[in-house]
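# Architecture and fold: a report
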Amino acid sequence: GSTIGIIGGGQLGRMLSVAAARLGYRSHIFEPGANPPAGDVAHAVTTAAYDDAKALRAFAEAVDVITYEFENIPTGALDLLQEVKPIRPGREALRISQDRLTEKDFLRDLGLATAPYADVPDAAALTAAMEEIGAPAILKTRRFGYDGKGQARIASVSEAAAAFEELSGSALILEGFVDFSTEVSVIAARGLDGSVACFDPGENVHREGILRTTTVPARLSAAQRTDAVLLAARILNALDYVGVLGVELFVTPQGLVVNEIAPRVHNSGHWTQNGCAVDQFEQHIRAVAGWPLGDGQRHSDVRMENLIGDDLDGVPELAATTHAALHLYGKAEVKAGRKMGHVNHVLPATKA
Ligand code: ATP
Ligand code: MG
Ligand code: MG
């Protein structure tokens, strides 16, 4: 059979591997760190650094198509890999989403609403940006942030200098604070043939910058639902995208504001594992393997809860709970703030 190459061996790579296996594919993980969660379920694992040209080439030669579970793959590695096998989603999606400034410019050029933002190359630029955007605001590193890391909130102008001090050394962006009622996300997919399918928007609750729960259906009007799906499709088409994409949105009285995009399967799409016939992981494998997109209609309501750090202690109780589907990542070491698994609480769908 064919082999799907997956860059990154975390829980997303693990669940992609499982989905690939279900469709009759083998998976081969490329991961620099030892003992990746995906290694337990993949057919093969390459443990090597992203600057190991020989290992990268051997990996690319062993697989039929290359996909990834995270966006911060070094450009040099991508150059090398794509000489050998197709990378899906393509380079443009990675280039744009690796940098919050490039990403915001891209979204703005598409006519989509974002938080007000400004490039902050130095302290003087921050003073100017604070004058333009005002408080409250959030200073963020342009690259490598996740789970709210690399961010400093600025409640009033007097806090700007301390925020800059905390994050200096990295390229930064200032964002105005969006006064949202709720956060939602759309998990969208585009096939090799250009067809687009979106899962129902999910409503997200974050704590300390980390996603805690996603609930479907989200509390959205029919018009907001349509907007969410149309804007996701616009992003997919603009990128000539192949695969699953996560779009994080703020709901405001003025409409939907795009927070960020993730060119991969997304934590806020884990509910699809127990809410849809075809979940986001299978949808992604279908897309990158050139299959038609599958049926992502929601057949059940779901509340997904992340199990973070010591939340894992609740597993025995969750295992005995009705309508609760557990998904554990097999991570050896429990750490505060580390995603160890999630549980999908499933109920029959309330409305279509
Ligand atoms: P992820 O793990 O989703 O990749 P991240 O580290 O990239 O997260 P963001 O999504 O930028 O971080 O921010 C994390 C959370 O912080 C958001 O979901 C939102 O709750 C809040 N937040 C971020 N930016 C803003 C903003 N401009 N206005 C209001 N809230 C914000
Ligand atoms: Mg992010
Ligand atoms: Mg986010």
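Residues numbered from 1 in each chain as written. Chains lettered and ligands numbered in written order. Predicted model: local features only at pLDDT ≥ 70, side-chain atom pairs only at ≥ 80, totals over all residues.

### Thoughts on the pairing of strand S4 (residues 65–68)
Put simply, the rule is: With C-beta atoms placed from the backbone, the exposure class of a residue follows from how many other C-beta atoms lie within 10 Å of its own: 20 or more, buried; 12 or fewer, exposed; in between, partly exposed. Each helix is a run of DSSP H or I of at least 4 residues and each strand a run of E of at least 2, with the numbering of both proceeding from the N terminus. Any two strands with at least two DSSP-identified bridges between them are counted as paired.
Side-chain alternation along S4 places Val65 and Thr67 on one buried face and Ile66 and Tyr68 on a second face that is also buried. Bridge analysis of strand S1 (residues 3–7) against S4 gives 4 bridges, and the strand direction is parallel. Paired with Ile7 across the two strands is Tyr68, which belongs to S4.

### Concerning the sheet that holds strand S8 (residues 172–176)
This is how it is decided: Helix axes use the C-alpha atoms of the stretch in contact, all axes being lines fitted to C-alpha atoms, and the angles between their N-to-C directions lie in the range 0 to 180 degrees. Throughout, a residue-residue contact means that the two C-beta atoms, derived from backbone geometry, are no farther apart than 7 Å.
Taken in spatial order, the 4 strands make up an open sheet running S5-S8-S6-S7, and their pairing is antiparallel. Strand pairing shows two members of the sheet lacking a second neighbour, strand S5 (117–120) and strand S7 (151–154), which therefore form its edges. Averaged over neighbouring strand pairs, the angle between their axes works out to 20° when direction is ignored. Pairing geometry for S5 and S8, over 4 bridges, is antiparallel. Its bridge partner being in S8, Tyr117 is matched across the sheet by Glu175. Contacts from helix H7 (residues 160–167) reach strand S6 (137–141), S7 and S8, with the element oriented near 175° to S7.

### What about the sheet that holds S4?
With parallel pairing, the 4 strands of this open sheet are ordered in space as S3-S2-S1-S4. Among the strands making up the open sheet, the edge pair consists of strand S3 (44–46) and S4. Each strand axis lies, on average, 25° off the axis of its neighbour in the sheet, ignoring direction. Inspection of the sheet shows strand S2 (residues 26–30) paired to S3 by 3 bridges, in the parallel sense. Bridge assignment links His28 to a residue of S3, and that residue is Ala44.

### Considering the site of ligand 1
The condition that has to hold: The criterion for a residue being near a molecule or strand is a backbone-placed C-beta atom within 6 Å of that molecule or strand. Under the scheme applied here, ten amino acids are nonpolar (Ala, Val, Leu, Ile, Met, Phe, Trp, Tyr, Cys and Pro), four are charged (Asp, Glu, Lys and Arg), and all others, including Gly, are polar.
Near ligand 1, the surroundings consist of 16 residues, among which Ala115, Gly145, Glu175, Val178 and His206 are the closest. When its residues are assigned to classes, the shell around ligand 1 shows 5 nonpolar, 5 polar and 6 charged.

### Regarding the nonpolar core
One broad rule of soluble globular proteins: the nonpolar side chains tend to lie buried together. Rules: In these notes, a nonpolar core means any group of buried Ala, Val, Leu, Ile, Met, Phe, Trp, Tyr and Cys residues linked to one another through C-beta atoms within 7 Å. These domain limits were set by an automatic method or by a database of domain assignments.
Membership of the largest hydrophobic core comes to 67 residues, with the highest contact counts inside it found for Leu16, Ala188, Ala232, Leu245 and Val247. Shared between two domains, this core holds at least three residues of each, these being domain 1 (3–87) and domain 3 (182–348). With residues up to four places along the chain from it excluded, the contact list for Ala232 reads Val186, Ala188, Cys198 and Val247. Membership of the second largest hydrophobic core comes to 16 residues, among which are Ala118, Val120, Ala137 and Ala160.

### A short note on the environment of Thr215
Note on placement: Thr215 falls in strand S12 (residues 210–216). A residue is classified by how many C-beta atoms lie within 10 Å of it, and Thr215, with 19 of them, is partly exposed. Taking the C-alpha atoms as reference, Thr215 lies 5.4 Å from Gly202; in sequence the two are 13 residues apart. Sequence-distant contacts of Thr215, defined by excluding residues within four places in its chain, comprise Gly202, Glu203 and Arg303.

### Here we look at the domain arrangement of the protein chain
As assigned here, the protein chain comprises domain 1 (3–87), domain 2 (116–176) and domain 3 (182–348). Listed per partner, the contact involves 21 residues of domain 1 and 16 residues of domain 3. When residues of the side of domain 1 that touches domain 3 are traced back to their parent elements, those giving at least two are helix H1 (11–22) and S4. Among the elements that line the side of domain 1 that touches domain 3, the one with the most residues is H1, at 9 residues. Partitioning the side of domain 1 that touches domain 3 into residue classes produces 13 nonpolar, 3 polar and 5 charged.

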